[in-house]
Amino acid sequence: MAGERILIADDEPDVLAVATRALVQGGYEVTGVPSGVAAVEEAQRHNYDMLIADVKMPGMSGLRAYRLIKEAAPDTIGLIITGYGTMEMAIEAVRLGVNAFILKPFGPDELRATVARALEGRRLARENARLRALLPVHELSRTLVATTDLERLTTQVASLAARETGASFCSLLLLDDEAQELYLAATSGAGSKATRRLKLGEGIAGWVAKTGETMALQGALAEDGAVVCAGEGASSVCLPLLAQGRAIGVISLVKAAGAPPFTEADTDLLTILAGGAAAAIANAQLFTHLQRAYERLAELDHRKSEFISLAAHELRSPLAAVITYATLIEGDLSDEARDHLHVILEAAMRLNLLLDDLLNLRNLDTGTAVLHPEPVALDAATGQALGALVHLAQAKEQQVSLALPPELPQVFADPQKLQIILLNLLSNAIKFTPNGGLITVEALPDRSQVVVSVRDSGIGIPDGERERIFERFYQVADSLRREQGGLGLGLSIVKGMVEMHGGRIWVESQPGRGSTFSFSLPKWQSPAGA
Ligand code: ADP
């Protein structure tokens, strides 16, 4: 592929001119210089993909020029022009990694073909290095995806980056979004450990985080982003950690003086690694964030439950006094005053039921609700619940019927909790059924259980609301609730209590036509198996 930059060094003007012309015609960007020294100077000013040098030049040989250029720019490839071949020269050339030779005299086609082959070799070597780079990244990505512990994650990324590139020191800085500052999250290897925070844009790391661009430089980078050592041979690279196009931090690596500088293959590997690491780090940050928010919510929820239970307890005593004294004075009152007293008592009893709900919910929440199961006859239990509510149904001229089969087995249930379940379902049926409606209680044995259903001909429950009504405080909008009162707790308590028995509750409903709430309870099995 043409377009690469080629530096040619030859002290023979004719050879230089022929070679330059041949390569320009081949589509390369070519610079010609007359000596090895000039080639080294030129390579310091500009980057070249390839050096073509005559092996024998006064002042500095082509091989020595190539060695010096490669020290600073290790990805430069070398093509040596030679009029003779000696064993020593060949050994030295191989040691330096010279990629090709061409013998004088050579024609333009031969030169172009040799250059093209050498460049293609470099491209393949790079491709190879890229593929090799994917292996450790793949290995890491499995761990990265599974790790949400930010500290472990950043430490692993830093040590892998250092290990795979042969860097002596690696530091990983993360961006504190609120303060817009970089802070040190992890290091690997020995290096200067400045812990100062860096403003976005400040120092090299700050610049890389701000611009999202990679920077490679001669000298050593401290984790605070300043070049701390411009020592000979030391080199550094600083890459942004980009997650969804946004820099969430930077990763900096330093190679000690004397070690070969970072190659393009190193940068390729680091770019791939930084991409995977950034996604994993952003994930872990999000996870930590969500976890904190969740903990905070749980804490608030706990406080709210504590408040509800405390308030319910505190309200209970004065309410008990109201009910007791109201009952005591009943006999001393005139008929009119007694009617008023009944209104007071009824309101107080309703309040008492609400407090019961709050306390029941709390007991279910905290696991302090205890089950005292015993064999219970359903006809008696449903009769008792209906008896307590029949006046409400009568007030709405509703027809209530009990349809239990004659040989219905007993259930094994806590009688008090069964009353709470039945009272809630029946009072809902009465509340949400218009005047003159129909309410039926049915029960059917089903293998080891008995299924009890409370059916009404009321307003029904829209699709999409049927599961939600079992959540606490949930009430269907625009229901008759506001006229009827209620905290939206009844069904969640009923569900909790049915589940305590090992049973299940569900609802079938057609808006405008009615609802059927069904729940299952275990059948009573006598110990003798009779
Ligand atoms: P509430 O104290 O508000 O009745 P519940 O938990 O008992 O609380 O019920 C939650 C919501 O479910 C009610 O507000 C109502 O919207 C709906 N609901 C419950 N039972 C019925 C029913 N039989 N018919 C229609 N809607 C009902």
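The structure presented is a predicted model; accordingly, all values stated were derived computationally and were not measured.

A. Inspection of the sheet that holds strand β20 (residues 514–522) at higher detail. Strand order across the open sheet formed by five strands is β15-β17-β18-β20-β19, with mixed pairing between neighbours. Each edge of the open sheet is held by one strand with a lone partner, namely β15 (399–403) and β19 (505–510). Taken pair by pair, the neighbouring strands of this sheet meet at an average axis angle of 15°, ignoring direction. The sheet contact formed by strand β17 (residues 438–446) and strand β18 (residues 449–456) spans eight bridges and is antiparallel. Counted as the bridge partner of D446 is Q449 from β18. Contacting β15, β17 and β18, helix α10 (residues 378–395) runs over the sheet at an angle of about 180° to β15.

B. Looking closely at the packing of aromatic side chains. Summed over the entire model, instances satisfying the criterion amount to two aromatic pairs. Ring geometry for F470 and F517: centres 6.2 Å apart, planes at 70°, overall edge-to-face. A residue pair is termed long-range when its members are at least 10 positions apart, and F470 in the loop between β18 and α12 (481–484) and F517 in strand β20 qualify at 47 residues. F517 matches F470 in its accessibility class, with the two residues each being buried. Lying across the ring of F262, K255 places its NZ or CZ 4.8 Å from the centre.

C. Fine view of the site of the ligand. Around the ligand, 21 residues are found, and the nearest of them are N428, K431, D456, Q475 and L491. In this structure, an oxygen atom belonging to the ligand sits 2.8 Å away from a side-chain N or O atom of N428. Here the ligand, which alone exposes 530 Å², has 97% of that area covered by the protein. For the shell around the ligand, the elements supplying multiple residues, two or more each, are α11 (415–431), α13 (490–500) and β20. Looking at the shell around the ligand residue by residue, the classes come out as 10 nonpolar, eight polar and three charged.

D. Molecular detail of the nonpolar core. Within the largest apolar cluster, 51 residues are counted, with the highest numbers of intra-cluster contacts made by L418, L425, I469 and F519. Counting residues in hydrophobic clusters, the runner-up holds 29 residues, among them L140, I251, L270 and I281.

E. Structural view of helix α2 (residues 36–45). Inspection of α2 places G36, A38, A39, V40, E42 and A43 among the buried residues, and these make up the whole buried set. On its buried face, α2 sits against β1 (5–9), β2 (29–33), β3 (50–54) and α3 (62–72).

F. Spotlight on the confidence of the model for the protein chain. Confidence along the protein chain averages 87 in pLDDT terms, with 91% of residues attaining 70 or more. The element-level mean pLDDT for the protein chain is lowest in strand β11 (residues 227–229), coming to 46, with β18 highest at 98. Under a pLDDT of 50 for its full length, residues 227–232 has, in the predicted model, 14 contacts with residues more than four places off or in other chains.

G. Structural detail: a nonpolar patch on the surface. Together, Y325, L328 and I329 make up an exposed nonpolar region whose accessible area comes to about 340 Å². Within the fold, I329 resides in helix α8 (residues 264–329).

H. How the structure looks around the packing of α11 against α13. It is at 9 Å that the axes of α11 and α13 come closest, and there the two elements cross at 145°. Note on packing geometry: the crossing formed by α11 with α13 is left-handed. In this structure, α11 contributes K417, I420, I421, N424, L425 and N428 to the contact, and α13 contributes G490, L491, I493, V494, M497, V498 and M500. Partitioning the contact of α11 with α13 into residue classes produces nine nonpolar, three polar and one charged.

I. Spatial organisation of the side chain of S492. Position of S492 among the secondary structure elements: in helix α13. There is a polar contact of 2.8 Å between the side chain of S492 and the backbone oxygen of L489. Residue contacts for S492: discarding those within four places in its chain leaves L361, L364, F470, E471 and R472.

What counts, and at which threshold
- Residues numbered from 1 in each chain as written.
- Predicted model: local features only at pLDDT ≥ 70, side-chain atom pairs only at ≥ 80, totals over all residues.
- Heavy atoms only, no water.
- Pairing = 2+ DSSP bridges.
- Helix = DSSP H or I, 4+ residues; strand = E, 2+ residues; numbered from the N terminus.
- Axes fitted to C-alpha atoms, helices over the stretch in contact; angles between N-to-C directions.
- Contact = heavy atoms within 4.5 Å.
- Phe/Tyr/Trp six-rings, centres within 6.5 Å; stacked < 30°, edge-to-face > 60°.
- Buried < 20%, exposed > 50% of the residue type's maximum accessible area, 1.4 Å probe, protein only.
- Lys NZ or Arg CZ within 6 Å of the ring centre and 35° of its normal.
- Near = heavy atom within 4 Å.
- Polar contact = N/O pair within 3.5 Å; in protein donor to acceptor, adjacent residues only side chain to side chain.
- Areas by Shrake-Rupley, 256 points an atom, 1.4 Å probe, with all protein chains shown as cover.
- Nonpolar A, V, L, I, M, F, W, Y, C, P; charged D, E, K, R; others polar.
- Core = buried A, V, L, I, M, F, W, Y, C linked by side-chain atoms within 4.5 Å.
- pLDDT = per-residue confidence, 0-100.
- Patch = residues over 30% accessible without salt bridge, like charges linked within 9 Å, V, L, I, M, F, W, Y side chains within 5 Å.
- Salt bridge = Lys/Arg side-chain N within 4 Å of Asp/Glu carboxyl O.
- Left-handed = near helix turned anticlockwise from the far one by under 90°.

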